[in-house]
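If you want the building blocks of each chain, they are given just below.
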Amino acid sequence: MIKVENLAKSFTLHNQGATVIPVLEDGAFEVQPSECVALTGESGAGKSTVMRILYGNYLAQNGKVEIDGLDITRAEPREILALRRETLGYVSQFLRVVPRVPTLDVVSEPLLSVGKSEEEARERACDLLSRLRIPERLWELSPTTFSGGEQQRVNIARGFAHTYPALLLDEPTASLDAQNRETVLTLIEEAKASGAAIVGIFHDLAARERIADREINVTAFTPKAAA
Amino acid sequence: MSVTPLLDVQHLTKRYGTRIGCSDVSFKLYPGEVMGVVGESGSGKSTLLNCLAGHLPPDEGRILFDTRTEGPRDTLTMSEPERRMLGRTDWAFVHQNPRDGLRMRVSAGGNVGERLMAVGARHYGNIRNAAEDWLERVEIDTDRMDDRPAQFSGGMQQRLQIARNLVSGPRLVFMDEPTGGLDVSVQARLLDLLRGLVRKMGLSAIIVTHDLAVVRLLADRLMVMKSGDVVETGLTDQVLDDPQHAYTQLLVSSVLQV
């Protein structure tokens, strides 16, 4: 489902003396359907960079990143957007909220955009919001004013609304209480059982042990010259 | 995905005497796509938009538009009446200053209805109903229908201009700094409205702005211009989060974080 070959990434800071910072070199791995791979490595090793490249948010300097057969390092914007709509989900810790949109709509939007009916989308959204313990009286409000934890859970509900065949998780359980953490882990297990190929960053060791089938230490992709 | 692009721009160049307006711009815009054009004042983004919309004659290049009946046609070589018809039916242009896009002495309802009459609507009741429906969609109280835009606030005028432009069901919307000159709170409301309309109607749009927050919210992809040249293109979040060109890096890092 996810196949990375020969991946290289560096940042060129044109306005700071054109400093070039190499971040990744010779990155290569594969993730099969129903498999969960945890990215490990110290802070700054490039875990988040790998995730962002997989999502098409960062541009790779070299190599190939195939997701469901599409090489996103060469794809057109509209192809990447279609992939994100249908195939590739991303749950980050932070919700980027559009002002004035009610929580229920924020969560159902991914389903509507893949052509699900209004009814079906709403039902799934309600189910997820109640499982993640967002009080029902908040559903019609915009999450802009919610607490950090509530926003994170709204974001998780949104990320799991549609069953993506490939899923990227950036610390999905960070700063959640025990009950909500359990719910999120169950959601991840459900996604896995339904065939999703998952790449995640988990600082929560117990969560990583429970969810991940294998680990990839991204330090292996650190450029040799910089090491 | 072998869809015909709605707009296929090839090597578009516009000079003002010896000065360059925009130089060798090429891109394809697909149905349903929203493209943002960013760059500072004088970067050529408004020149480009005006060339595309037929307001300015470019010096070189081709602009192929996928017409409803005859497929792709070069809008630069078609006759003036044909181009004007496209301007009334398939295209819409939202000006930065609503006064440039509205008729200030005609009622709000009249401003919306006029566009429909220009494409052949004649039944008064239908036109009035459509105008009412559109005022509601852009969140203007329908009891303001018979007031003139001069009595509206800037944000309302801008929403009215959008209603006037979208009522005839265009396929391609050009927007020149649609949120410029509005209060931040009014901007947010307008952006949210535009976002909803663009998605619901499946519109293609080209939005020229210097406001990166606007494109992050509205645009699928970005084109960054500097001194008439396109220096970078790509998926909106990729260009903003991992800019490659020196100028884009400067542009992104110059935004104040709030």
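Conventions adopted
- Residues numbered from 1 in each chain as written.
- Chains lettered and ligands numbered in written order.
- Predicted model: local features only at pLDDT ≥ 70, side-chain atom pairs only at ≥ 80, totals over all residues.
- Heavy atoms only, no water.
- Core = buried A, V, L, I, M, F, W, Y, C linked by side-chain atoms within 4.5 Å.
- Buried < 20%, exposed > 50% of the residue type's maximum accessible area, 1.4 Å probe, protein only.
- Helix = DSSP H or I, 4+ residues; strand = E, 2+ residues; numbered from the N terminus.
- Contact = heavy atoms within 4.5 Å.
- Pairing = 2+ DSSP bridges.
- Right-handed = clockwise from strand over helix to strand, strands pointing away.
- Axes fitted to C-alpha atoms, helices over the stretch in contact; angles between N-to-C directions.
- Salt bridge = Lys/Arg side-chain N within 4 Å of Asp/Glu carboxyl O.
- Polar contact = N/O pair within 3.5 Å; in protein donor to acceptor, adjacent residues only side chain to side chain.
- Domains from an automatic or database assignment.
- Buried area = accessible area lost by both parts, 1.4 Å probe.
- Phe/Tyr/Trp six-rings, centres within 6.5 Å; stacked < 30°, edge-to-face > 60°.
- Lys NZ or Arg CZ within 6 Å of the ring centre and 35° of its normal.
- pLDDT = per-residue confidence, 0-100.
- Parallel < 35°, antiparallel > 145°, perpendicular 65-115°, else oblique.
- Left-handed = near helix turned anticlockwise from the far one by under 90°.
- Nonpolar A, V, L, I, M, F, W, Y, C, P; charged D, E, K, R; others polar.

**Q** Describe the nonpolar core, with residues and values.
**A** Judged by nonpolar contacts, the single largest core of 46 residues is most densely connected at Val 112, Trp 134, Leu 160, Ile 162 and Val 173 of chain B. Sorting elements by how many residues they give to this core places helix α7 (residues 184-201) of chain B first, with 6 residues. Once residues lying within four places of it in the same chain are set aside, the contact partners of Trp 134 of chain B are Val 112, Ala 163, Leu 166, Val 167, Leu 197 and Met 201 of chain B. In terms of nonpolar packing, the next biggest core, distinct from the first, is built from 39 residues, Val 107, Ile 156, Ile 188 and Ile 211 of chain A among them.

**Q** Residues and numbers for the pairing of strand β8 (residues 204-208) of chain B, please.
**A** Residue and element names in this part refer to chain B. The element β8 is extensively covered by neighbouring structure, given that 5 of its 5 residues are classed as buried. Burial along β8 is two-sided: Ser 204, Ile 206 and Val 208 and Ala 205 and Ile 207, pointing in opposite directions, are all buried. Pairing analysis gives 4 bridges linking strand β3 (residues 34-38) to β8, with the strands arranged parallel. Residue Val 34 lies in a different strand from β8, and its bridge partner there is Ala 205. Examined bridge by bridge, strand β7 (residues 172-176) and β8 share 5 bridges and lie parallel to one another. Residue pairing across strands places Val 173 opposite Ala 205, the latter belonging to β8. Running through α7, the crossover from β7 to the neighbouring parallel element β8 is right-handed.

**Q** So what about the sheet that holds strand β7 (residues 166-170) of chain A? Which residues, and what values?
**A** Residues and elements named next belong to chain A. Ordered in space as β6-β7-β8-β3-β9, the 5 strands form an open sheet in which the pairing is parallel. Edge positions in the sheet fall to β6 (88-91) and β9 (214-217), since each of these pairs with one other strand and no more. Recorded for the sheet is a direction-independent mean angle of 20° between the axes of neighbouring strands. In terms of strand pairing, β6 meets β7 through 4 bridges, oriented parallel. Counted as the bridge partner of Gly 89 is Leu 167 from β7.

**Q** Can you break down the interface of chain A and chain B residue by residue, with the values?
**A** With 25 residues of chain A at the contact, the number on the chain B side is 23 residues. Counting across the interface, chain A meets chain B through 3 salt bridges. Across the pair Asp 237 of chain B and Arg 84 of chain A runs a salt bridge, and its minimum N-O distance is 3.0 Å. Counting the contacts that link chain A with chain B gives 10 residue pairs in polar contact (both at pLDDT 80 or more). Mapped by element, the contributors of at least two residues to the side of chain A that touches chain B are β1 (2-13) and α2 (77-86) of chain A. Among the elements that make up the side of chain A that touches chain B, the one with the highest residue count is α2 of chain A (7 residues).

**Q** Quick one: what's the story with the domain arrangement of chain A, residue by residue and with numbers?
**A** Residues and elements named next belong to chain A. Taken domain by domain, chain A consists of domain 1 (1-87 + 165-175 + 183-227) and domain 2 (97-163). For domain 1 and domain 2, the distance between their C-alpha centres works out to 25 Å. Taken together, the contact pairs 18 residues of domain 1 with 12 residues of domain 2. Together, Arg 85, Thr 183 and Leu 187 form the three largest contributors to the area buried by domain 1 at its contact with domain 2, with a combined 44%. Taken together, the links from domain 1 to domain 2 amount to 1 salt bridge. The closest approach of N and O atoms between Glu 190 and Arg 131, which form a salt bridge, is 2.8 Å. Put simply, domain 1 and domain 2 have 6 residue pairs in polar contact (both at pLDDT 80 or more) between them. Of all the elements in the fold, those that place two or more residues in the side of domain 1 that touches domain 2 are α2, β7 and α6 (178-193).

**Q** Give me the pattern of salt bridges: which residues, what numbers.
**A** For the coordinates displayed, the defined rule picks out 30 salt bridges over all chains. Notably, a salt bridge pairs Arg 144 of chain B with Asp 147 of chain B, separated by 2.6 Å at the nearest N-O pair. Overall, Asp 147 of chain B belongs to the partly exposed group, its relative accessible area being 23%. Salt bridges linked by common partners bring Asp 105, Arg 122 and Glu 140 of chain A together as one network.

**Q** Residue-level account of the side chain of Asp 242 of chain B, with values.
**A** Examined against the element boundaries, Asp 242 of chain B turns out to sit in the loop between α9 (236-241) and α10 (246-253). Excluding anything up to four places from it in sequence, Asp 242 of chain B contacts Lys 9, Phe 11, Asn 57, Tyr 58 and Leu 59 of chain A together with Glu 232 and Asp 237 of chain B.

**Q** Could you give me a rundown of the environment of Arg 99 of chain B, with the residues and numbers involved?
**A** All names here are of chain B. Relative to the helices and strands, Arg 99 is located in helix α3 (residues 98-101). On the basis of relative accessibility, which here comes to 48%, the residue Arg 99 falls in the partly exposed class. For Arg 99 and Cys 22, which are 77 residues apart along the polypeptide, the C-alpha to C-alpha distance reads 26 Å. With residues near it in sequence (within four places) discarded, Arg 99 still touches Met 104 and Gln 157.

**Q** Which residues make up the packing of aromatic side chains, and what values do they have?
**A** As enumerated under the stated definition, the model contains 6 aromatic pairs over all chains in all. Note on Phe 11 of chain A and Tyr 58 of chain A: the rings are 5.5 Å apart at their centroids and 85° apart in plane angle, and the pair reads as edge-to-face. Residue Phe 11 of chain A is found in strand β1, and its partner Tyr 58 of chain A is found in the loop between α1 (47-55) and β4 (62-67); the two are separated by 47 residues along the sequence. Chaining the aromatic ring pairs together yields one cluster made of Phe 65, Trp 91, Phe 93 and Phe 174 of chain B. Across the ring face of Phe 11 of chain A, the terminal group of Lys 9 of chain A is positioned such that the distance to the ring centre comes to 4.5 Å. In this structure, Arg 84 of chain A packs its charged tip against the face of Tyr 55 of chain A, placed 4.0 Å from the ring centre.

**Q** So what's going on with the confidence of the model for chain B? Which residues, and what values?
**A** Averaged over all residues, the pLDDT of chain B is 91; the fraction at 70 or higher stands at 98%. Scoring the predicted complex yields pTM 0.90 and, for the interface, ipTM 0.90.

**Q** Would you mind going over the side chain of Thr 75 of chain B in detail, with residue names and values included?
**A** Residues and elements named next belong to chain B. Take Thr 75: it is sitting in the loop between β5 (71-74) and α2 (80-89). By relative accessible area, which is 2% here, Thr 75 ends up buried. Leave out the neighbours within four places in its chain, and Thr 75 touches Ile 63, Phe 65, Arg 83, Leu 86 and Trp 91.

**Q** Which residues make up the packing of helix α3 (residues 103-113) of chain A against helix α5 (residues 148-161) of chain A, and what are the values?
**A** All names here are of chain A. As a packed pair, α3 and α5 sit with axes 7 Å apart at the nearest point and diverge in direction by 25°. The orientation of α3 relative to α5 falls into the category roughly parallel. The interaxial crossing formed by α3 with α5 has right-handed handedness. Touching Thr 103, Val 106, Val 107, Glu 109, Pro 110 and Leu 111 of α3 are Val 154, Ala 157, Arg 158 and Ala 161, all from α5. In terms of residue class, the contact of α3 with α5 is built from 7 nonpolar, 1 polar and 2 charged.

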